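# Coordinate inspection notes
Chain by chain, the residues:
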Amino acid sequence: MLLSIIIPFYNVEAYIGACLERVSRLPQEICEVLLVDDCGQDRSAEIAAEYCQKYPHFHIIQREKNGGLSAARNTGMAQARGEYLYFLDSDDLPEPHALLTLASAARDQQLDVAKARFCYYDDETGRTSAGPLLPAMGPLPGADLFAAQCRRGLYEPMVWQCVFRRSFLLETGLAMPEGLLFEDELFQAPALLKARRAASFEQVILLYRQREGSIMASFAKSSRWCSSYLEVCRRLHALAASLAPGRARRALDRRVGQIALSVAKNIPAYHLPAPVASQARAFVHAHRRELASYALQSGDLPVAAQGLLLNLSPAFFMACYTAIRR
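The present account deals with the structure reproduced in this document. What you are looking at is a predicted structure, and each value in this text was computed from that prediction instead of being measured.

Right, let's get into the environment of Glu64. Structurally, Glu64 can be placed in the loop between β3 (58-62) and α3 (69-79). What makes Glu64 exposed here is its relative accessible area of 84%.

Right, here's the structure in full:
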């Protein structure tokens, strides 16, 4: 079997049908669709079951309790049988022909990771707009692909841009980090850095649904995202330290610095409720030296300068960022 598509779902009854309708166009002889029920409370499971009745290559995997996106993806990964894996979010819209072309190219070129483009999809208007204009590159070592994309400002961490060779993930022990937000940051970059052969392709394989308030609503619930960002920085910094000096390590150091700065930048950017904003500001103040240290070690002068300012005065840093955004 060529491809296993892993689709966790949780309270997405308004979107999952459109996603699965597109997925159903893939040939069942070479594809399987694993629908991981993460114990939601709406009609998502009923809709998924309807598709399983219509299409024999669709299967529901029932989790015992809600564990979040990473845990659900890991559940699907453990039961997948395909040569390649694709992680699809249940509210997005895949381009089935392009996805199949990507998986076939990955097999033909013996790639560990194959990465493609996406477009943004406006949920209100139905209009699409181009994502990063990813050029075709490779096959080449994954670390070189990562460094080249970072250098050109084209790197995006979302796992649904890629198909991954399943045996490669098993050999390297890569799994989704559970209990954290921004889990994609801790999967795609390590996968590319470990990949012996990787390539990028110009095909658009997914329409990335933009739902008004979705990011803001997630950030506004609590300041938990701050600690997740910091943990992402810690793990990626440790990964960078394990790399040999070179372009890939420099690229990862710079990305860690950028992520560290984004903790403070997101507080004004997402117009958080006052209690959550206050908690987030307190977190940044308490951890400003560590966050700033990642920026100072980035090897990038503008990032390092921002790190210095963040360390000196988080409040002034955020005020400056707010003024620049205006």
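This is not the end of the story, as more comes after the structure.
Turning our attention to unusual backbone geometry. The omega torsion of the bond from Gly138 to Pro139 falls at 5°, within 30 degrees of zero and hence cis. In this fold, Pro139 is placed in strand β8 (residues 137-140). For Asn11, which is not a glycine, the phi torsion comes out positive at approximately 55°. Within the fold, Asn11 resides in the loop between β1 (3-9) and α1 (16-23).

Across soluble globular proteins, nonpolar side chains have a tendency to be buried as a group. Counting residues in each nonpolar core, the largest one holds 69 residues, and the members touching the most others are Phe87, Val113, Phe146, Phe164, Phe187, Trp225 and Leu252. It is helix α10 (residues 247-269) that provides the largest number of residues to this core, a total of 10 residues. Grouped together as the second largest cluster of nonpolar side chains are 41 residues, Leu3, Tyr84, Leu88 and Leu111 included.

Overall, the coordinates contain 14 aromatic pairs when judged by the stated rule. A centroid spacing of 3.9 Å and a plane angle of 20° characterise the contact between Phe182 and Tyr229, whose relative ring orientation is stacked. A residue pair is termed long-range when its members are at least 10 positions apart, and Phe182 in the loop between α6 (166-172) and α7 (188-194) and Tyr229 in helix α9 (residues 224-242) qualify at 47 residues. Of note, Lys54 hangs over the ring of Tyr51, and the distance from its end group to the ring centre comes to 5.5 Å.

A few words now on the side chain of Ser90. The topology assignment puts Ser90 in the loop between β4 (84-87) and β5 (93-94). Polar contacts involving the side chain of Ser90 include one to the main-chain carbonyl oxygen of Pro8, which spans 3.3 Å. Setting aside anything within four residues of it in sequence, one finds Ser90 in contact with Ile7, Pro8, Phe9, Val12, Tyr15, Ile16 and Cys19.

Under the defined criterion, the tally for this structure stands at 18 salt bridges. Measuring nitrogen to oxygen at the nearest pair gives 3.2 Å for the salt bridge that ties Glu95 to Arg22. Of this pair, Glu95 sits in the loop between β5 and α4 (96-108) while Arg22 sits in helix α1, and the two are 73 residues apart along the sequence. With a closest N to O distance of 3.2 Å, Arg43 and Glu46 form a salt bridge. Linked through salt bridges whose partners overlap, the residues forming this network are Asp112, Arg165, Glu171 and Arg196.

Moving on to helix α5 (residues 142-151). The element α5 is largely enclosed, with a buried count of 8 among its 10 residues. Taken together, the buried positions of α5 are Gly142, Ala143, Leu145, Phe146, Ala147, Ala148, Gln149 and Cys150. Summarising the contacts, the buried residues of α5 are in contact with β6 (113-122), β8, α7, β10 (198-210) and α10.

All right, on to the packing of helix α12 (residues 288-296) against helix α13 (residues 301-312) then. Two numbers describe how α12 lies on α13: the axes approach to 7 Å, and their chain directions differ by 165°. On the basis of the axis angle, α12 is roughly antiparallel to α13. For α12 against α13, the interelement crossing comes out left-handed. For the pair formed by α12 and α13, the contact residues are Arg288, Arg289, Leu291, Ala292, Ala295 and Leu296 on the first element and Val303, Ala304, Gly307, Leu308, Leu310 and Asn311 on the second. Of the residues in the contact of α12 with α13, the class split is 8 nonpolar, 2 polar and 2 charged.

With that out of the way, let us pick up empty space enclosed by the protein. Evaluated as defined, the whole model comprises 1 cavity of 30 Å³ or more. Within this model, the largest cavity holds a volume of roughly 30 Å³. Lining the largest cavity, in full, are His237, Asp253, Val256, Tyr294, Gln297 and Ser298. Grouping the constituent residues of the lining of the largest cavity by class yields 2 nonpolar, 3 polar and 1 charged.

Further remarks concern the side chain of Arg165. Take Arg165: it is sitting in strand β9 (residues 162-165). For Arg165, the side chain forms a polar contact with the side chain of Asp112, separated by 2.4 Å. Sequence-distant contacts of Arg165, defined by excluding residues within four places in its chain, comprise Glu83, Tyr84, Leu111, Asp112, Glu171 and Arg196.

With that settled, the discussion passes to the pairing of β3. Alignment of strand β2 (residues 31-37) against β3, held across 5 bridges, turns out to be parallel. Residue pairing in the sheet places Leu35 in a bridge with Ile60 of β3. For the crossover that starts at β2, traverses helix α2 (residues 44-54) and ends in the parallel β3, the hand is right-handed.

Taken together, the side chains of Arg151, Arg152, Arg247 and Arg250 present a region of like positive charge at the surface. Its location among the elements puts Arg250 in helix α10.

Right, let's get into α4. In this model α4 runs 18 Å from its N-terminal to its C-terminal C-alpha over 13 residues, within 8% of the 18 Å that 1.5 Å per residue would give. Those residues of α4 not exposed but buried are Pro96, Ala98, Leu99, Leu100, Leu102, Ala103, Ser104, Ala105 and Ala106. Looking one or two places after α4, you find Gln110, whose phi comes out positive at around 55°.

Procedures and definitions
Residues numbered from 1 in each chain as written. Predicted model: local features only at pLDDT ≥ 70, side-chain atom pairs only at ≥ 80, totals over all residues. Heavy atoms only, no water. Helix = DSSP H or I, 4+ residues; strand = E, 2+ residues; numbered from the N terminus. Buried < 20%, exposed > 50% of the residue type's maximum accessible area, 1.4 Å probe, protein only. Core = buried A, V, L, I, M, F, W, Y, C linked by side-chain atoms within 4.5 Å. Phe/Tyr/Trp six-rings, centres within 6.5 Å; stacked < 30°, edge-to-face > 60°. Lys NZ or Arg CZ within 6 Å of the ring centre and 35° of its normal. Polar contact = N/O pair within 3.5 Å; in protein donor to acceptor, adjacent residues only side chain to side chain. Contact = heavy atoms within 4.5 Å. Salt bridge = Lys/Arg side-chain N within 4 Å of Asp/Glu carboxyl O. Axes fitted to C-alpha atoms, helices over the stretch in contact; angles between N-to-C directions. Parallel < 35°, antiparallel > 145°, perpendicular 65-115°, else oblique. Left-handed = near helix turned anticlockwise from the far one by under 90°. Nonpolar A, V, L, I, M, F, W, Y, C, P; charged D, E, K, R; others polar. 1 Å grid on protein atoms, 1.4 Å probe; cavity = no way out; pocket = protein on both sides within 12 Å on 5 of 7 lines; lining within 4 Å. Points joined across faces, edges and corners; volume = space filled by probe spheres on them. Pairing = 2+ DSSP bridges. Right-handed = clockwise from strand over helix to strand, strands pointing away. Patch = residues over 30% accessible without salt bridge, like charges linked within 9 Å, V, L, I, M, F, W, Y side chains within 5 Å. Areas by Shrake-Rupley, 256 points an atom, 1.4 Å probe, with all protein chains shown as cover. Lys, Arg positive; Asp, Glu negative; His and termini not counted. Charge placed at Lys NZ, Arg CZ, Asp CG, Glu CD. Expected span 1.5 Å × (residues − 1).

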